[in-house]
Amino acid sequence: MRFYGISSEDKAMEMVESISEGEWVFEEEGNKRLLSLEEARLMLKELVELVKSWKSQMKHLPACTALIFVHEPSEPKAFKIYDLTSLGCASSLNPPRWKLYRRDIEAQLSP
């Protein structure tokens, strides 16, 4: 699956508001938890706010740095959120800190 970086937390919030259906899976450090649509929205909002706070606290971090990635921006079904340890990786990214995706596409996500 291809993911697209979202450099604006405001745009990410718009995408969070646009998700409209399904059961969602939240992954953190290999642990998975099933979430309802509303729980998924709340979790995503919290993560977007966390990324926003990182950027406001770290003045050397450009505001357009993408730490939030989405599959299908027009119809978001999966998100990957990276933490600050991923910065500075020239050839590859560390695994995402968090993944949130619709349960019905779980098999499509690569490990």
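Here, every reference points to the structure presented above.
Here is a short report on the structure shown in this document.

Cut-offs used in this document
- The residue count restarts for each chain, going from 1 along the sequence in the order it is written.
- The predicted origin of the model limits local features to residues at a pLDDT of at least 70 and limits the giving and counting of side-chain atom pairs to 80 or more, whereas totals for whole chains, interfaces and linings rest on all residues.
- The side-chain figures draw on all heavy atoms in the structure; neither hydrogens nor water molecules are used.
- The helix count covers DSSP runs of H or I at least four residues long, the strand count covers runs of E at least two residues long, and both are numbered beginning at the N terminus.
- Only C-alpha atoms enter the radius of gyration, while the globule expectation follows 2.2 Å times N to the 0.38, with N the number of residues.
- The contact definition used throughout considers only heavy atoms, calling two residues in contact when any of these lie within 4.5 Å.
- The Shrake-Rupley method, run with a 1.4 Å probe sphere, supplies the accessible areas, and residue values consider only the shown protein chains as cover.
- We treat Lys and Arg as the positive residues and Asp and Glu as the negative residues; His and chain ends play no part in the count.
- Charged groups are reduced to one reference atom each: NZ for lysine, CZ for arginine, CG for aspartic acid, CD for glutamic acid.
- Note on method: axes are straight lines fitted to C-alpha atoms, helices fitted across the in-contact stretch only, with angles between N-to-C directions ranging 0 to 180 degrees.
- Between 65 and 115 degrees an angle is taken as roughly perpendicular, under 35 as roughly parallel, over 145 as roughly antiparallel, and anywhere else as oblique.
- When residues are grouped by polarity, Ala, Val, Leu, Ile, Met, Phe, Trp, Tyr, Cys and Pro land in nonpolar, Asp, Glu, Lys and Arg in charged, and all others, Gly among them, in polar.
- Accessibility here uses a 1.4 Å probe with only protein chains present; expressed as a share of the type maximum, an area under 20% marks a residue as buried, one over 50% as exposed, and anything in between as partly exposed.
- Strands are treated as partners if at least two bridges between them are detected by DSSP.

**Section: the overall build of the protein**
Then comes step 1: In terms of helices and strands, the protein carries 2 helices and 6 strands.
Then comes step 2: Starting at the N terminus, the α and β elements of the protein follow one another as β-α-β-β-α-β-β-β.
Then comes step 3: Compactness check: the protein gives a C-alpha radius of gyration of 13 Å against a globular reference of 13 Å for 111 residues, within 12% of the reference.
Then comes step 4: Dimensions of the protein, computed from the C-alpha atoms along their principal axes, are close to 40 × 25 × 25 Å.
Then comes step 5: Across the protein, the fraction of contacts at a sequence separation of at least 24, relative to all contacts at a separation of at least 6, is 57%.
Then comes step 6: Of the roughly 6500 Å² of accessible surface on the protein, 50% is carried by carbon and sulfur atoms.
Then comes step 7: Distance between charge centroids for the protein: 4 Å, based on 15 positive and 18 negative side chains.

**A look at the packing of helix H1 (residues 9-18) against helix H2 (residues 37-57)**
Then comes step 1: Packing of H1 against H2 leaves a shortest axis separation of 10 Å and a crossing angle of 180 degrees. Here H1 is positioned roughly antiparallel relative to H2, judged by the angle of their axes. Counted together, Glu9, Asp10, Ala12, Met13, Val16 and Glu17 of H1 and Arg41, Leu44, Lys45, Val48, Glu49, Val51, Lys52 and Lys55 of H2 form the full contact between these two elements.
Then comes step 2: When the residues that make up the contact of H1 with H2 are grouped by side-chain class, the tally is 6 nonpolar, no polar and 8 charged.

**Thoughts on unusual backbone geometry**
Then comes step 1: Even without being a glycine, Glu29 presents a positive backbone phi close to 50 degrees.
Then comes step 2: Along the chain, Glu29 turns up in the loop between strand S2 (24-28) and strand S3 (31-35).
Then comes step 3: Of note, Glu72 is a non-glycine position whose phi angle comes to about 60 degrees, a positive value.
Then comes step 4: On the secondary structure map, Glu72 appears in the loop between strand S4 (68-71) and strand S5 (78-81).
Then comes step 5: Glu72 sits in the partly exposed class, given a relative accessible area of 27%.

**Quick word on the sheet that holds S2**
Neighbouring strands of a sheet are bound in pairs by backbone hydrogen bonds; such pairs are parallel or else antiparallel.
Then comes step 1: The strand order across the open sheet formed by 6 strands is S1-S4-S5-S6-S2-S3, and the pairing between neighbours is antiparallel. Looking along the sheet, the strands with just one partner apiece sit at the ends: strand S1 (4-6) and S3. Strand after strand, the sheet turns through a mean of 20 degrees between neighbouring axes, direction not considered.
Then comes step 2: Judged from the 4 bridges that link them, S5 and strand S6 (residues 98-102) form a sheet pairing that is antiparallel. Residue pairing across strands places Ile81 opposite Trp98, the latter belonging to S6.
Then comes step 3: Here H2 sits on the sheet and contacts S2, S3, S4, S5 and S6; the angle it forms with S3, its principal contact strand, is near 125 degrees.

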